[in-house]
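A closer look at the structure
The lines below spell out each chain.
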Amino acid sequence: MKHRAIALLLIGTMAFLTAGCGGKPAADTAASSETAAEIANPWRACTEEEAYEYTPNGFSAPEQASNESWSICEAADDKVLPGTMVQLTFEYEGLAYTARQQPVPGEEITDISGLYYNWTEEEEGVLGRWGGGKMPCKICRYAGADVNIELCLWFDIETGYAYSLSTQAQDLAGFDIQAVAEAMYDPSKQIGANAPDGPAD
């Protein structure tokens, strides 16, 4: 019996370590045991300015959003993909959101949300503000007995960065997460936005 308890503890510890930057930060998940509490949290809090240093073509919380919180899960080596992940949590129009951005290998939409569900519904769309109005996106929905989840994913082929935006509530009927993703577009954070116009006369 003792050996079985030790084996279960080791399995749980390995699962926690494997989650890494794909899981929720400490602010969202309480440690379930003393062993879990001793494992280093890969996330650390940061400012919006610091997050912007890691993420070209970054996002911002929509206007009138509240309780904004930025965090970073730093990669051991940013020359190896996937790289450092930036996360923003905020509240907007009565719902709590989690947005993420991370450089990833490949050239396709990649799920970096850390959510693992058998999606009830999936559909493709286009973000009208991102990527010059031609940014493909993927909307995933989960309808459960106690919770409904919506997830929007997109990928910037010019920079190699993946994005995710998610929220959950008991009822999301008629909700449009794509509209919130559009509202997060920040022209001032796009590549070249703050470059000088040219040499002064």
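The present account deals with the structure reproduced in this document.

Calculation criteria
- Residues numbered from 1 in each chain as written.
- Predicted model: local features only at pLDDT ≥ 70, side-chain atom pairs only at ≥ 80, totals over all residues.
- Heavy atoms only, no water.
- Phe/Tyr/Trp six-rings, centres within 6.5 Å; stacked < 30°, edge-to-face > 60°.
- Buried < 20%, exposed > 50% of the residue type's maximum accessible area, 1.4 Å probe, protein only.
- Disulfide = S-S within 2.5 Å.
- Helix = DSSP H or I, 4+ residues; strand = E, 2+ residues; numbered from the N terminus.
- Pairing = 2+ DSSP bridges.
- Contact = heavy atoms within 4.5 Å.
- Salt bridge = Lys/Arg side-chain N within 4 Å of Asp/Glu carboxyl O.

Some details on the packing of aromatic side chains
Two descriptors summarise a pair of aromatic rings, namely the distance from one centre to the other and the angle between the planes of the rings. Across all of its chains, the model carries 11 aromatic pairs by this definition. Considering the side-chain rings of tyrosine 92 and tyrosine 97, the 6.5 Å spacing of their centres and the 55° angle between planes classify their relative orientation as tilted. Per residue, the accessibility class of tyrosine 92 equals that of tyrosine 97, and both read buried.

Overview of the state of the cysteines
Here the structure, examined in full by the defined rule, presents 0 disulfides. No disulfide involves cysteine 137; its sulfur sits 4.4 Å from the nearest other cysteine sulfur, which is in cysteine 152. Look at cysteine 137 and you get buried, because its relative accessible area is 2%.

Quick look at the pairing of strand β8 (residues 161–169)
Of all 9 residues in β8, 8 are buried; the element is thus mostly enclosed. Relative to β8, strand β4 (residues 95–103) runs antiparallel, the two being bridged by 7 bridges. Counterpart to tyrosine 97 in the pairing with β8 is threonine 167. As judged from the 9 bridges shared by strand β7 (residues 148–156) and β8, these two strands associate in the antiparallel manner. Bridged to aspartate 156 within β8 is tyrosine 161.

What about the environment of lysine 134?
For lysine 134, the location among the structural elements is in the loop between β5 (121–127) and β6 (135–143). Under the relative-accessibility criterion, lysine 134 is labelled exposed at 68%. Not counting residues up to four positions away in its chain, the partners in contact with lysine 134 are Val126 and Leu127.

Describing the pattern of salt bridges
Inspection of the entire model under this criterion finds 7 salt bridges. Between glutamate 50 and arginine 44 there is a salt bridge, with its nearest N and O atoms 2.6 Å apart. Its salt-bridge partner being lysine 138, residue glutamate 122 comes within 3.0 Å of it at the nearest N-O pair. Of this pair, glutamate 122 sits in strand β5 while lysine 138 sits in strand β6, and the two are 16 residues apart along the sequence. Among the residues examined, lysine 138 registers a relative accessible area of 28% and is labelled partly exposed. Through salt bridges with shared partners, a single ionic network connects Glu121, Glu123, Arg141 and Glu150.

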